[in-house]
Amino acid sequence: MKSCGSMLGLPERRLPSAEFLLLLPFLLLLLLLLPAAPAPHRAAYKPVIVVHGLFDSSYSFRHLLEYINETHPGTAVTVLDLFDGRESLRPLWEQVQGFREAVAPIMAKALQGVHLICYSQGGLVCRALLSVMDEHNVDSFISLSSPQMGQYGDTNYLKWLFPTSMRSNLYRICYSPWGQEFSICNYWHDPHHDDLYLNASSFLALINGERDHPNATAWRKNFLRLGRLVLIGGPDDGVITPWQSSFFGFYDANETVLEMEKQLVYLRDSFGLKTLLARGAIVRCPMAGISHTAWHSNRTLYETCIEPWLS
């Protein structure tokens, strides 16, 4: 006798066999034991390298490290533990060589590039690294309250180092061969003695391209390998003087601050600053209410000025 389905021209449905019903529990168990499909791959965050400032150590950046781990989990962060404490007074070219040897292996393993976060004096060390390293692969260089155009101010650091000198006469020490053995003198920039600065500065005048030297063209080319320059600073810093130095502004001979776009190093594009700005590769992030020693521990500052660039 034909089934109703056959008589109506519909495909005939058969009941599962007894053997299949017996195997069904084992098939379900097998499905449960199979590994889940892999989650869609997310590109890893680029490694972050942190360079400290004058009298600092890696411990100073514990809060920054915590913030990065929370917002960008899995990021490889290296806080370089070199030239700590008083050793940070060593000549900056000596420090550049030491930091270069430390960052080169990290960069070599990071095929997609790295980020640099460099605080205070460390920002000048990092800018020199960008100049002298032919094959650097820095995506973002984050300059955190760094005296990029130099320092000219009576701060507690200065009074501790040179208790008998004021900013008006410190050039007598800093612009001597003996003075250039101190890191702070390597970027001491007295606007009232510009000729002495240009002739005596063994560091800042060179990386700024303010004085001719055989490596100027190569250093400019290296610096322009940089993907993005993030400048951070503010009016309540209390140490960087003038505070606009964090944004490549500085005093003229009358101690009037001229912004970056009015500086000769920008107008002449001596090391690539004007080219970077034209490329849209300079980000300026000024923030009020933050003192010099709080830049690397302020959560709002991190979320506003640092975290967006840690790709």
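Residues numbered from 1 in each chain as written. Predicted model: local features only at pLDDT ≥ 70, side-chain atom pairs only at ≥ 80, totals over all residues. Heavy atoms only, no water.

Labelled according to an unreviewed UniProt entry, the protein appears under the name Lysosomal thioesterase PPT2, originating from Bos indicus x Bos taurus. Under the Subcellular location (unreviewed entry) heading, UniProt states for the protein: "Lysosome". Within the UniProt record for the protein, the comment given under Function (unreviewed entry) is "Catalyzes the cleavage of thioester bonds from S-palmitoyl-CoA or S-palmitoyl-N-acetylcysteamine (unbranched structures) but does not have activity against palmitoylcysteine or palmitoylated proteins, branched structures or bulky head groups. Conversely, hydrolyzes both long and short chain fatty acyl-CoA substrate." (UniProt positions renumbered as here; feature names shortened; annotations may be inferred.)

With that settled, consider the pairing of strand E3 (residues 114-119). For E3, the tally of buried residues reaches six of six residues, placing the bulk of the element in the interior. Side chains Val114, Leu116 and Cys118 project from E3 onto one buried face, and the interleaved His115, Ile117 and Tyr119 project onto a second face that is buried too. Across four bridges, the pairing between strand E1 (residues 48-51) and E3 is parallel. In the strand pairing of E3, Val48 is matched with His115. (Buried < 20%, exposed > 50% of the residue type's maximum accessible area, 1.4 Å probe, protein only. Helix = DSSP H or I, 4+ residues; strand = E, 2+ residues; numbered from the N terminus. Pairing = 2+ DSSP bridges.)

To continue, consider the environment of Met166. Position of Met166 among the secondary structure elements: in the loop between helix H6 (156-161) and helix H7 (171-174). By relative accessible area, which is 46% here, Met166 ends up partly exposed. In sequence terms Met166 and Asp154 are 12 residues apart; their C-alpha atoms lie 6.5 Å from each other.

Per the counting criterion, the structure on display carries eight salt bridges. For Lys46, the salt bridge is made with Asp139, and the minimal N-O distance between the two is 3.5 Å. Residue Lys46 is located in the loop between helix H2 (18-33) and E1, and its partner Asp139 is located in strand E4 (residues 138-144); the two are separated by 93 residues in the primary sequence. With a relative accessible area of 18%, Lys46 lands in the buried category. Assessed through its relative accessible area of 19%, Asp139 is described here as buried. In this structure, Asp269 engages Arg220 in a salt bridge whose closest nitrogen and oxygen atoms are separated by 2.6 Å. (Salt bridge = Lys/Arg side-chain N within 4 Å of Asp/Glu carboxyl O.)

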